[in-house]
Every structure is written in structure tokens, then in C-alpha cells.
Amino acid sequence: MFVLLFVAAAIGLQAAALQYGFSPQYFLAGGWREDPVLTWLSPLASAFLARDFLSAIFNLIFLLIAGRFVEKAIRPLGLGVVFVAGAYAGALARLILTPGSVIPSAGLDAPVFAVIGAYFMLYGVPRAIPITQGKSRSAQIAILAGIWLAIQIAFSIAAQSFEVSVTIVEPIGGLIAGVALARPLLAWAYRKA
């Protein structure tokens, strides 16, 4: 019974991703003219459509760990801005780097990478991670992003759903958004202090 429920949920997630997920090829083919609301909201909707249960749990754990510290620094509104910007930056990266991709986005990868990038810009890399010590903050973030992407690729290959556009390009777009927005949002949050 549990296996049947799991299969039904997985099929439902895939169907929802096909309908509501962001697809660069559909966007460039004029989807933004045919159904502008759905098309322009699809990067954000994609974040709430899990690709699979394992990646959803993995991403939620990282979102909870990094998100609470980012929220303390830049307040809830700032965290929301980073999350939404991460979703759209991931879609923009896919649009620019893999415009022919027909695979719809699904999952929290880009927003979580944005929150993690903001965390590293605000707090630095934890000293418990020795491989990044003695390097600039940008190099530390790049090393950790590489490690995270390797984990992401391993999970994608194991699930037989590896696609460069979704597995690598989209999270990197989110990471760049989080890194770019962290310090300006911190300054904005404490502008009256």
C-alpha cells in the first residue's frame, strides 16, 4: 500500500512539474505571451514542486539550518527576498545558459543555494570545514558549492534524473543571487541603526 501511495505521489509531482515548472524552451517559444501569469510565476512555483522526496527533505534541512541564521541577520523580509530572487536567478541562469532545455524546474535547489550563499556571505564558512581555511570568502563559497554540486549530481545520477540545466545551472544561479544580495539586504535591514 505504501509503495502504491509513493508511486502515485511521484507521478503527481511529475505531472505538476510539467504543468507549472519553469521550462526555458517554453518561455523562449513565446509562453510568456500565451499565458503570462503562469509563465512569469513558474520559477517560483517550481520551488514548491519537489523533484523527489529525498531531495526535498535534504533541501528543507539545509533551508532550516541556514535560513534561521540568515533570517536573524536580514530579517524575515530579507530572507523572503533572497528566496524569491534565488528562484528567479536559477530560472534566468537556465534561460541564458541552457535555452533549449525542455525539462521543467522542480525543487528548492535554486532558493536553497541562494539562502546558503547569503549565509556564507553574512557569516563566513564554518571553521569545522577545514578544506576552505586560508582562502578568500569567494574561494570558500566556490569550494563548498562544488562539494554541494557533487552531492547533487550523485543524487541525480542515482535517481536517473541528471540534467545539467536543472542539476547544475539552476542552483548556481541561485547561489549567485544569494551572494550578491546578502550584504545589500543587511545594510537595508539596519539602515536606521
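Before reading on, note that the structure itself is shown above.
Residues numbered from 1 in each chain as written. Predicted model: local features only at pLDDT ≥ 70, side-chain atom pairs only at ≥ 80, totals over all residues. Heavy atoms only, no water.

J.: Could you give an account of the packing of aromatic side chains, naming the residues involved and the relevant values?
T.: Using the criterion set out here, one finds eight aromatic pairs in the structure. With a centroid separation of 5.2 Å and an interplanar angle of 75°, the aromatic rings of F58 and F62 are classed as edge-to-face. You can see F58 and its partner F62 sitting in helix α4 (residues 53-97), four residues apart, about one turn around the helix. When its relative accessible area of 25% is taken as the criterion, F58 is described as partly exposed. By the ring-pair criterion, three or more aromatic residues cluster together here, those being F69, Y119, F120 and Y123. (Phe/Tyr/Trp six-rings, centres within 6.5 Å; stacked < 30°, edge-to-face > 60°. Helix = DSSP H or I, 4+ residues; strand = E, 2+ residues; numbered from the N terminus. Buried < 20%, exposed > 50% of the residue type's maximum accessible area, 1.4 Å probe, protein only.)

J.: Can you lay out empty space enclosed by the protein for me, pointing to particular residues and giving the numbers?
T.: Following the criterion strictly, the structure yields one cavity of 30 Å³ or more and no others. Lining the largest cavity, in full, are P43, S46, A47, A87, S105, G107, A110, P111 and E170. Mapped by element, the contributors of at least two residues to the lining of the largest cavity are α3 (36-47) and α5 (109-123). At three residues, the largest contribution of residues to the lining of the largest cavity is made by α3. Of the residues contributing to the lining of the largest cavity, the split by class is five nonpolar, three polar and one charged. (1 Å grid on protein atoms, 1.4 Å probe; cavity = no way out; pocket = protein on both sides within 12 Å on 5 of 7 lines; lining within 4 Å. Points joined across faces, edges and corners; volume = space filled by probe spheres on them. Nonpolar A, V, L, I, M, F, W, Y, C, P; charged D, E, K, R; others polar.)

J.: Explain the nonpolar core residue by residue, including any values.
T.: V70, I74, V82, V115 and F120 are the most contacted members of the largest nonpolar core, which has 29 residues in total. When residues of this core are traced back to their parent elements, those giving at least two are α4, α5, α6 (137-158) and α7 (164-189). Discounting chain neighbours no more than four positions away, the residues touching V115 are L63, A66, G67, V70, L79 and V82. (Core = buried A, V, L, I, M, F, W, Y, C linked by side-chain atoms within 4.5 Å. Contact = heavy atoms within 4.5 Å.)

J.: Got a sec to walk through the packing of helix α2 (residues 24-34) against α3? Specific residues and values, please.
T.: At a minimum axis distance of 5 Å, the contact between α2 and α3 shows a crossing angle of 130°. Of the possible angle classes, the one that applies to α2 and α3 is oblique. Facing Y26, F27, G31, W32, R33 and E34 of α2, the residues of α3 in contact are P36, T39 and W40. Among the residues forming the contact of α2 with α3, the class breakdown is five nonpolar, two polar and two charged. (Axes fitted to C-alpha atoms, helices over the stretch in contact; angles between N-to-C directions. Parallel < 35°, antiparallel > 145°, perpendicular 65-115°, else oblique.)

J.: Provide a residue-level description of a nonpolar patch on the surface, including the pertinent values.
T.: Taken together, the side chains of L54, I131, I147, I151 and F155 make up a nonpolar region of the molecular surface, amounting to roughly 420 Å² of accessible area. In terms of residues, the nonpolar patch owes the most to one element, α6, which gives three residues. (Patch = residues over 30% accessible without salt bridge, like charges linked within 9 Å, V, L, I, M, F, W, Y side chains within 5 Å. Areas by Shrake-Rupley, 256 points an atom, 1.4 Å probe, with all protein chains shown as cover. Salt bridge = Lys/Arg side-chain N within 4 Å of Asp/Glu carboxyl O.)

J.: A description of the layout of surface pockets should follow, citing residues and the corresponding values.
T.: Approximately 300 Å³ is the volume found for the second largest pocket. Around the second largest pocket sit 15 residues that line it, and F62, I116, F120, L144 and W148 are the ones nearest its centre. Every element with two or more residues in the lining of the second largest pocket is listed here: α4, α5 and α6. Partitioning the lining of the second largest pocket into residue classes produces 15 nonpolar, no polar and no charged.

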